[in-house]
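An overview of the molecular structure
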Amino acid sequence: WAAEMTDSTGIKSWRTNSRVVHATAVPVNGVPHRFLRQSVAMPVFAHEPSVARDPTSGNYVMFFTTNFGEVPGSQCGPPCTCGHNGTSCLSCPNPLQCPVKPAAPLSTRMAYAPTPEGPWSTPVLVSASTKGDTNLACAIRANQSMVCLGRPGLGVLTAPNWDNVSSYSWHRVNYGQGEDPMVWLDHRNGTEVLHAVTHGGGWGDPFGFHYFSTDGGLSWHGTGTKAYISEVELVGGGSLVLSRRERPHVVRAKNGTLLGLTNAVTEGWPCTTSAGVVPDRPPCAGPPPPGTLPKCGPGSNGTIVWCPVDYSHTLLQLFASD
């Protein structure tokens, strides 16, 4: 499941155009991991999906950011219809230019389905002490209890039953740095180990951290070593220096073996936040070299969000094998 921007726009337009889609990876013309959209799971506005599976019932449980139940467009404005091949027009508002004042809160809701294709239950609100997005990501145990991470400022959420939101409880636990956590369970010698990976770097210098807990999420530990960085090597040669690399998700086999890491990424430079407003400048002679901030081309459109080419996609990086 991934957030997809409608109307051929890019990530700059997430607060107006994001929806959640279900995609599967099937071999296409010899490419083994080509993801193809199968259906729309949650319409605009829906963002940041994180799905856990109940190992007992088999249900798929989605936590996502949405304005479900609010007036359409209340989270920022109506969808921008000006996009081309995945890049928003410069006129599309970025998250700092929302015309709706005050905007509806970026609430987290939970929905579940018996199959990846649905049908999904009516989304229910997950309460939190914030009007912003929680980045909630969860792992479900065989007894249907649940442990989740939100943004570091929110901490850990636990529940004796995932399907009863009234049993959800937040705990102020400092688990580390970053945002966009992903959580998974592992069992070593009869001991439950919780793992988490987060997006730790800012725009223009993205990287991630890994943390673990052996006491059910009450305390977390990490080495401080970067779990991933902005540069990736490509199958067939060459490399990419990414301007953004967020929403880390570990891909696991049915037996729990770790296979790789997916991220939402942007390749175009610049795609960053600037210290101040960047003015428009004469057009660049060519695409700016990766890793550099050009002194030409479009500016930041009156804000500090400087991302004129905001095409984004999901990148899969396989883990090295022995």
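Up top is the structure these notes are about.
From a predicted model like this one, the values you see are computed outputs, not experimental measurements.

**A word on the state of the cysteines**
Working definition: the covalent bond between the sulfur atoms of two cysteines is a disulfide. Using the criterion set out here, one finds six disulfides in the structure. Through a disulfide, cysteine 82 is tied to cysteine 89; the S-S separation comes to 1.9 Å. Looking along the S-S bond of the cysteine 82-cysteine 89 disulfide, the torsion reads about -75 degrees, which is the left-handed sense. Each sulfur in the disulfide pair cysteine 271 and cysteine 307 lies 2.1 Å from the other. Between cysteine 271 and cysteine 307 the sulfur-sulfur dihedral comes to about -85 degrees; the bridge is accordingly left-handed. Of this pair, cysteine 271 sits in the loop between β20 (258-266) and β21 (272-273) while cysteine 307 sits in the loop between β22 (305-306) and β23 (312-318), and the two are 36 residues apart along the sequence. Sequence-ordered numbering of the disulfide-bonded cysteines in the chain gives the connectivity 1-6, 2-5, 3-4, 7-8, 9-12, 10-11.

**Quick notes on the pattern of salt bridges**
Here the structure, examined in full by the defined rule, presents seven salt bridges. Put simply, arginine 151 and aspartate 133 hold a salt bridge, and the shortest N to O gap is 3.0 Å. Of the two residues, arginine 151 sits in the loop between β11 (146-149) and β12 (156-159) while aspartate 133 sits in the loop between β9 (124-126) and β10 (137-140), which places them 18 residues apart along the sequence. When salt bridges with common partners are traced through the structure, they connect Glu4, Arg19 and Arg37 into a single cluster.

**Side note on unusual backbone geometry**
Looking along the chain, the bond that leaves glycine 118 and enters proline 119 is cis, with omega of -5 degrees. Relative to the assigned elements, proline 119 resides in the loop between β8 (107-113) and β9. Between tryptophan 269 and the following residue, proline 270, the backbone shows a cis peptide bond with an omega angle of -5 degrees. Mapped onto the secondary structure, proline 270 falls in the loop between β20 and β21. Of note, arginine 247 is a non-glycine position whose phi angle comes to about 50 degrees, a positive value. A positive phi angle is found at asparagine 301, which is not glycine, with a value near 60 degrees.

**Here we look at the packing of aromatic side chains**
Applying the stated criterion across every chain yields a total of eight aromatic pairs. For the pair tyrosine 112 and tryptophan 162, a centre-to-centre distance of 5.3 Å together with 75 degrees between the ring planes defines the contact as edge-to-face. Residue tyrosine 112 is found in strand β8, and its partner tryptophan 162 is found in the loop between β12 and β13 (169-171); the two are separated by 50 residues along the sequence. For tyrosine 112, a relative accessible area of 34% puts it in the partly exposed group. Here the aromatic rings of phenylalanine 207 and phenylalanine 209 are separated by 5.5 Å at their centres, their planes lie at 80 degrees, and the arrangement is edge-to-face. What makes phenylalanine 209 buried here is its relative accessible area of 7%. Ring pairs connect the aromatic residues Tyr175, Phe207, Phe209, Tyr211 and Trp220, which therefore count as one cluster. Directly above the ring of phenylalanine 207 sits lysine 226, whose terminal nitrogen or CZ lies 4.3 Å from the centroid.

**Side note on the environment of valine 40**
You can see valine 40 is positioned in strand β3 (residues 31-42). As a C-alpha pair, valine 40 and alanine 159 span 119 residues in sequence and 28 Å in three-dimensional space. Residues contacting valine 40, with those up to four places away along its chain left out, are Arg19, Val20 and Val21.

**Re the sheet that holds β12**
Spatially, the four strands line up as an open sheet ordered β10-β11-β12-β13, and their pairing is antiparallel. Two strands close off the open sheet at either side, each with one partner strand: β10 and β13. Averaged over all pairs of adjacent strands, the angle between their axes in this sheet comes to 25 degrees, without regard to strand direction.

**Remarks on the sheet that holds strand β5 (residues 60-66)**
Spatially, four strands are ordered β4-β5-β8-β9 in an open sheet, and the strand pairing comes out antiparallel. Only two strands of the sheet have a single neighbouring strand rather than two, namely β4 (46-53) and β9. Direction aside, the axes of adjacent strands within the sheet are offset by 30 degrees on average. Here β4 pairs with β5 via six bridges, running antiparallel. When the sheet's bridge partners are listed, valine 51 is paired in β5 with methionine 62.

Parameters at a glance
- Residues numbered from 1 in each chain as written.
- Predicted model: local features only at pLDDT ≥ 70, side-chain atom pairs only at ≥ 80, totals over all residues.
- Heavy atoms only, no water.
- Disulfide = S-S within 2.5 Å.
- Helix = DSSP H or I, 4+ residues; strand = E, 2+ residues; numbered from the N terminus.
- Salt bridge = Lys/Arg side-chain N within 4 Å of Asp/Glu carboxyl O.
- Phe/Tyr/Trp six-rings, centres within 6.5 Å; stacked < 30°, edge-to-face > 60°.
- Buried < 20%, exposed > 50% of the residue type's maximum accessible area, 1.4 Å probe, protein only.
- Lys NZ or Arg CZ within 6 Å of the ring centre and 35° of its normal.
- Contact = heavy atoms within 4.5 Å.
- Pairing = 2+ DSSP bridges.
- Axes fitted to C-alpha atoms, helices over the stretch in contact; angles between N-to-C directions.

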